[in-house]
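# Descriptive analysis of the structure
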Amino acid sequence: MKKKILIPSLLFLAVVILASFALTKPAMNGENVSASTNVASIPSGIVLFYGIGCPFCEQVDAYIEEQGIEEQVSFERKEVYYNKDNSNELSAVASVCGLSTIGVPFLWDGENCYVGMPDIVSFFDQKIIDIENE
């Protein structure tokens, strides 16, 4: 009687272990598997991600206007609160930088991420200095 219970129990346990292994193992099809990072969605230039109504984004905008940054540095603005494509692009960029928590204002320079007004202002200040020294 114990054999009748032991064999089905072992088979059930083996199936559970194999199923859990198969469900947790990433697909191995020769590609780098990452649902959140789509290389095509990573911009190559400078992009300022912002949200409509974000007070810190408004402070960055005021700084950009006061300093005449747009006349000196070429960059693109992308709104993320109401534009899902831009929001997805922001997520992809942040994952490249290893960030799991994302906030705006957020600046991508094609290689690095800058989050928050102090970092973004420092980036633009340094960019202006670099341009003036060329």
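Presented here is a report on the structure given in the accompanying data block.

Definitions and limits used
Residues numbered from 1 in each chain as written. Predicted model: local features only at pLDDT ≥ 70, side-chain atom pairs only at ≥ 80, totals over all residues. Heavy atoms only, no water. Helix = DSSP H or I, 4+ residues; strand = E, 2+ residues; numbered from the N terminus. Polar contact = N/O pair within 3.5 Å; in protein donor to acceptor, adjacent residues only side chain to side chain. Disulfide = S-S within 2.5 Å. Phe/Tyr/Trp six-rings, centres within 6.5 Å; stacked < 30°, edge-to-face > 60°. Buried < 20%, exposed > 50% of the residue type's maximum accessible area, 1.4 Å probe, protein only.

For the rest of this paragraph, the subject is the side chain of Glu-89. Counting through the fold element by element, Glu-89 comes out in helix H4 (residues 84-96). At a separation of 2.8 Å, a polar atom in the side chain of Glu-89 contacts the side chain of Lys-78.

Across all of its chains, the model carries one disulfide by this definition. The disulfide partner of Cys-97 is Cys-113, and the S-S distance across this bridge is 2.0 Å. Between Cys-97 and Cys-113, the disulfide has an S-S torsion of 85 degrees and is therefore right-handed. A residue pair is termed long-range when its members are at least 10 positions apart, and Cys-97 in the loop between H4 and strand E3 (106-108) and Cys-113 in strand E4 (residues 113-115) qualify at 16 residues.

Another aspect to go through is the packing of aromatic side chains. Here the structure, examined in full by the defined rule, presents four aromatic pairs. Aromatic pair Phe-75 and Phe-124: ring centres 5.2 Å apart, planes at 50 degrees, arrangement tilted. You can see Phe-75 sitting in the loop between helix H3 (69-72) and strand E2 (76-79) and its partner Phe-124 sitting in helix H5 (residues 117-132), a full 49 residues away along the chain. Taken individually, Phe-75 and Phe-124 each receive the classification buried, so the pair is uniform in this respect. Where Tyr-114 meets Phe-123, the ring centres are 4.9 Å apart and the plane angle is 45 degrees; that geometry is what we call tilted. We note that Tyr-114, like Phe-123, is buried. Ring pairing ties together the aromatic residues Phe-75, Tyr-114, Phe-123 and Phe-124, which thus form one cluster.

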